[in-house]
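# Inside the fold
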Amino acid sequence: MNCHLLVSDLFWPASAGNEPYNGLALPSLETLLARGRGVRTAGTSLERWLAAEYRLSDGLPLAPFSLRGEGGEPGGDWWMRADPVHLRLHGDRLILADASRLAVTPDEAREFVAALNSHFTGEGISFIAPNPPRWYLRTANPPRLRTTPTAEAAGRSVEGFLPDGDDGARWRRVINEAQMMLHQHSCNENRERRGQLAVNSVWLWGPGRDRSLAAPYNVVWADHPLAAGLAAAGDATARPLPDSCNSLLEVRLGGTQLVVLSLPPTAYGDLADWRDAVAMLERLWIAPLLSGLREASLESLTLHGLGPEYGYTSSLTARDRLRFWRVRRPLHAYAALT
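Before going into details, it helps to say that this report is about the structure given with it. Remember, it's a predicted structure, so these values are computed and weren't measured experimentally. (Residues numbered from 1 in each chain as written. Predicted model: local features only at pLDDT ≥ 70, side-chain atom pairs only at ≥ 80, totals over all residues. Heavy atoms only, no water.)

## Description of the sheet that holds strand β9 (residues 237-239)
Judged by pairing direction, the sheet is mixed, and its seven strands sit side by side in the order β2-β12-β11-β1-β10-β8-β9 without closing on themselves. Sheet topology places β2 (37-42) and β9 at the edges, where each strand pairs with a single neighbour. The mean inter-strand angle of the sheet, taken between neighbouring strand axes irrespective of direction, is 15°. Inspection of the sheet shows strand β11 (residues 300-305) paired to strand β12 (residues 310-317) by six bridges, in the antiparallel sense. Of the residues in β12, the one forming a bridge with threonine 302 is serine 315. (Pairing = 2+ DSSP bridges. Helix = DSSP H or I, 4+ residues; strand = E, 2+ residues; numbered from the N terminus. Axes fitted to C-alpha atoms, helices over the stretch in contact; angles between N-to-C directions.)

Have a look at this one:
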């Protein structure tokens, strides 16, 4: 088995310096990075990385595959993600908080979506919410748009990330109307009384239509709906992400397998949560997978570490493990462009 480990937000923006990494005890991760055959990569999001792996266009037509991963049926319609977000005025900028900051309940999602569908009855579009933090918009005609995944805009000013392209004006109007309708919704009044952020906008991205894909992996282990949906579109096996790599090693499915792990997003600066998650990555995934190389359960282990400004890919075989002259360095040594 050849195992690829995709880890989002392994690296912080350069402006954070070394502080996020100081004092982390990561001997297995450092061994993988030092002895593997590594290359620095450009900054990217999990969504953009997956689109490139499946040879999808830069337009990121990912929404129908994400819907597949939710258990939905995209059919022949065109879809966009229409994620619930909160926009906060900060000076002269609007800062986006994604659904990870909102804790939208299933009942709230149903009420918000019903109101959106009532408002846009004559527009030829409809909304669904198969999962409270992830909503979708269906339209009969192809939206000619360039869009940005919610994860890339999270914690940032939305200026420069709004939908653009031939149909940009229309879809920006849809967003504006949705904002006005959501602002007045009784669910938001109740949320604000409880001290929660209002769901005061939707973020449109990923316009596309479902189709078959060539699968670069035989098996995909993920709780991320996009990864699962892309696997399904390529007739690969999609499995839920286990608590650790033990299931992956015990099942012995063979072939080339992808494991998708999401660390807490660096966009919000939640350093303690991120450090805890990296420690778990070391203990539950990296260390036992390196043992799998020693015991011949794996032929190779490849880490794809992502970050908003840079990343690092390192591929290790059993023979590479013997390159003892490659001195281990701390994680922050790989968190640089030079």
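From this point, the narrative continues.
## Let's talk about the packing of helix α4 (residues 106-119) against helix α7 (residues 186-193)
One way to put it is that α4 packs onto α7 with a least axis distance of 9 Å and a crossing angle of 145°. On the side of α4, the interface is formed by Glu108, Glu111 and Phe112, while α7 contributes Cys187, Asn188 and Arg191. (Contact = heavy atoms within 4.5 Å.)

## Some words on the pattern of salt bridges
Per the stated rule, a full pass over the model turns up 15 salt bridges. Between aspartate 210 and arginine 68 there is a salt bridge, with the nearest N and O atoms lying 3.1 Å from each other. Of this pair, aspartate 210 sits in the loop between β7 (201-209) and β8 (219-221) while arginine 68 sits in helix α3 (residues 63-69); the two residues are 142 residues apart in sequence, bridging distant segments of the chain. Using a relative accessible area of 21% as the deciding quantity, one classes aspartate 210 as partly exposed. When salt bridges that share partners are traced, they join Glu123, Arg170, Arg173 and Glu177 into one network. (Salt bridge = Lys/Arg side-chain N within 4 Å of Asp/Glu carboxyl O. Buried < 20%, exposed > 50% of the residue type's maximum accessible area, 1.4 Å probe, protein only.)

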